[in-house]
Amino acid sequence: MSDADRYAGFREFAIARGSSLSRTAYLLVGDHQEAQDLLQEALAKTARHWRRVQAGGHPEAYVRTVMLNQLRSWRRRRRPTEVTSEAVPDATSGDDLAGDTATRVTVAGALATLPARQRAALYLRFYEDLSEVETARQLGCSVGTVKRHVHDALVRLRRHIPSAPPTAFEGVQPSEVDHV
């Protein structure tokens, strides 16, 4: 079998979904270079099994799962090199672009302090807008575990950034997780 037959459709998939998958990788790791590395490794692993992945019918979900597994593997091997600050700068609102950027950086820093599973649960639930059931399937856990991860992550974020404006957690409605 030729390489062209083995990888038929993979190039088109990678081009078509690359931007979305790149955003996923960035939101998981919070660093552009690490995100590129994560996505590149995930796509390389996916390419090796492309016919099977394509036959499964959900190649993007497969790549996301590979990225999550790869991130877990990295986290086991690496120690964090960034040190987060305990002092949170005052958040601003309105048309203050610098303030909005500072808030995003602060939230990104707070997200980086979360365990990978909590960060992944938040990402899948609120950025990818997956249901609890779909998130549980992606993470390979129960719906109750997803609810617990999301709840615990939001509690930690609110503690870490008590002065953050409501827009800092845009798309994350407290009512969705406070009943957990």
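This write-up is about the structure you can find in this document. Just so you know, the residues in each chain are numbered from 1, in the order the chain's sequence is written. In keeping with the model being predicted, local features are shown solely for residues with a pLDDT of at least 70 and side-chain atom pairs are shown and tallied solely at 80 or more, while totals for entire chains, interfaces and linings include all residues. Excluded from the side-chain calculation are hydrogens and water; included are all heavy atoms of the structure.

### Things to note about the overall build of the protein
No. 1: Put simply, DSSP marks the helices as runs of H or I at least four residues long and the strands as runs of E at least two long, and each gets a number from the N terminus on. Looking only at helices and strands, the protein features 10 helices and 0 strands.
No. 2: A simple rule labels every residue: compare its accessible area, found with a 1.4 Å probe on the protein chains alone, to the largest value its type can have, and call it buried under 20%, exposed over 50%, or partly exposed in between. Classification of the 180 residues of the protein by burial places 36% in the buried group.
No. 3: Throughout, a contact is declared for two residues whenever any of their heavy atoms are within 4.5 Å. Considering only contacts within the protein whose residues lie at least 6 apart along the sequence, 64% involve residues at least 24 apart.

### Brief notes about the side chain of Arg-64
No. 1: Structurally, Arg-64 can be placed in helix 5 (residues 59–77).
No. 2: According to the relative accessible area criterion, Arg-64 is buried, its value standing at 10%.
No. 3: Excluding anything up to four places from it in sequence, Arg-64 contacts Leu-21, Thr-24, Leu-124, Glu-128 and Gln-138.

### Points about the packing of helix 2 (residues 10–29) against helix 7 (residues 116–127)
No. 1: The N-to-C vectors of helix 2 and helix 7 enclose an angle of 140°; their axes lie 9 Å apart at closest approach. Taken together, the axes of helix 2 and helix 7 are oblique relative to one another. Note that helix 2 runs across helix 7; the crossing there is right-handed. Between helix 2 and helix 7, the contacting residues are Arg-23, Thr-24, Leu-27 and Leu-28 on the first element and Arg-119, Ala-120, Tyr-123 and Tyr-127 on the second.
No. 2: When its residues are assigned to classes, the contact of helix 2 with helix 7 shows 5 nonpolar, 1 polar and 2 charged. Axis geometry follows a simple rule: fit a line to the C-alpha atoms, using only the stretch in contact for helices, then measure angles between N-to-C directions, giving values from 0 to 180 degrees. Angle categories are assigned with fixed cut-offs, so that under 35 degrees is roughly parallel, over 145 is roughly antiparallel, 65 to 115 is roughly perpendicular, and the rest are oblique. Here a crossing is taken to be left-handed if its near helix is turned anticlockwise relative to the far helix by less than a right angle, and right-handed if that turn runs clockwise. Gly is placed with the polar residues, together with every amino acid not listed as nonpolar (Ala, Val, Leu, Ile, Met, Phe, Trp, Tyr, Cys and Pro) or charged (Asp, Glu, Lys and Arg).

### A look at the side chain of Thr-24
No. 1: If you trace the backbone, Thr-24 turns up in helix 2.
No. 2: By relative accessible area, Thr-24 is classed as buried at 1%.
No. 3: At 2.4 Å, the side chain of Thr-24 forms a polar contact with the side chain of Tyr-123.
No. 4: Not counting residues within four places of it along the chain, the set of residues in contact with Thr-24 comprises Arg-64, Met-67, Tyr-123 and Glu-128. Here a polar contact means two N or O atoms within 3.5 Å. Within protein one must be a hydrogen donor candidate and the other an acceptor candidate, and residues neighboring in sequence count only if both atoms are side-chain atoms.

### Here's the deal with the nonpolar core
Generally speaking, soluble globular proteins have nonpolar side chains that are buried together.
No. 1: Nonpolar core, defined: a set of buried Ala, Val, Leu, Ile, Met, Phe, Trp, Tyr and Cys residues in which side-chain atoms within 4.5 Å join the residues together. One finds Leu-28, Leu-38, Val-63, Met-67 and Leu-122 to be the most contacted residues of the largest nonpolar core, which totals 38 residues.
No. 2: Sorting the residues of this core by element identifies helix 2, helix 3 (32–48), helix 4 (50–56), helix 5, helix 6 (97–112), helix 7, helix 8 (132–139) and helix 9 (143–160) as the ones contributing at least two each.
No. 3: Those residues in contact with Leu-28 that sit more than four places away from it in its chain are Leu-38, Met-67, Leu-68, Leu-71, Arg-75, Arg-119, Ala-120 and Tyr-123.

### Observations concerning the packing of helix 8 against helix 9
No. 1: One way to put it is that helix 8 packs onto helix 9 with a least axis distance of 8 Å and a crossing angle of 95°. When the interaxial angle is binned, helix 8 and helix 9 end up roughly perpendicular. Two secondary-structure elements touch here, helix 8 through Glu-132, Val-133, Thr-135, Ala-136 and Leu-139 and helix 9 through Val-143, Val-146 and Lys-147.
No. 2: When the residues that make up the contact of helix 8 with helix 9 are grouped by side-chain class, the tally is 5 nonpolar, 1 polar and 2 charged.

### Examining the pattern of salt bridges
No. 1: What makes a salt bridge here is a side-chain nitrogen of Lys or Arg within 4 Å of a carboxyl oxygen of Asp or Glu, nothing more. Under the counting rule described, the total for this entry stands at 4 salt bridges.
No. 2: One salt bridge in this structure joins Glu-60 and Arg-17, with 2.7 Å as the shortest N-O distance. With Glu-60 in helix 5 and Arg-17 in helix 2, this pair connects stretches of sequence that are 43 residues apart.
No. 3: Of the residues examined, Glu-60 reaches a relative accessible area of 16% and is grouped as buried.
No. 4: With a relative accessible area of 31%, Arg-17 lands in the partly exposed category.
No. 5: Across the pair Glu-60 and Arg-64 runs a salt bridge whose closest N-O atoms are separated by 3.2 Å. Taken together, the positions of Glu-60 and Arg-64, both in helix 5 and 4 residues apart, correspond to about one turn of that helix.
No. 6: Shared partners join several salt bridges into a network, and the residues in it are Arg-17, Glu-60, Arg-64 and Glu-128.

### Re the layout of surface pockets
No. 1: The volume enclosed by the second largest pocket comes to roughly 150 Å³.
No. 2: The way it works is a 1 Å grid over only the protein atoms, where trapped points that fit a 1.4 Å probe form a cavity and open points with protein on both sides within 12 Å along at least five of seven lines form a pocket, and then any residue with an atom within 4 Å of a point lines it. Around the second largest pocket, the lining residues are His-58, Ala-61, Arg-64, Leu-130, Glu-134, Arg-137 and Gln-138.
No. 3: Those elements giving two or more residues to the lining of the second largest pocket turn out to be helix 5 and helix 8.
No. 4: Considering each element in turn, the lining of the second largest pocket owes the most residues, 3 residues, to helix 8. Grid points are joined across faces, edges and corners, and a volume is the space filled by probe spheres set on the points.

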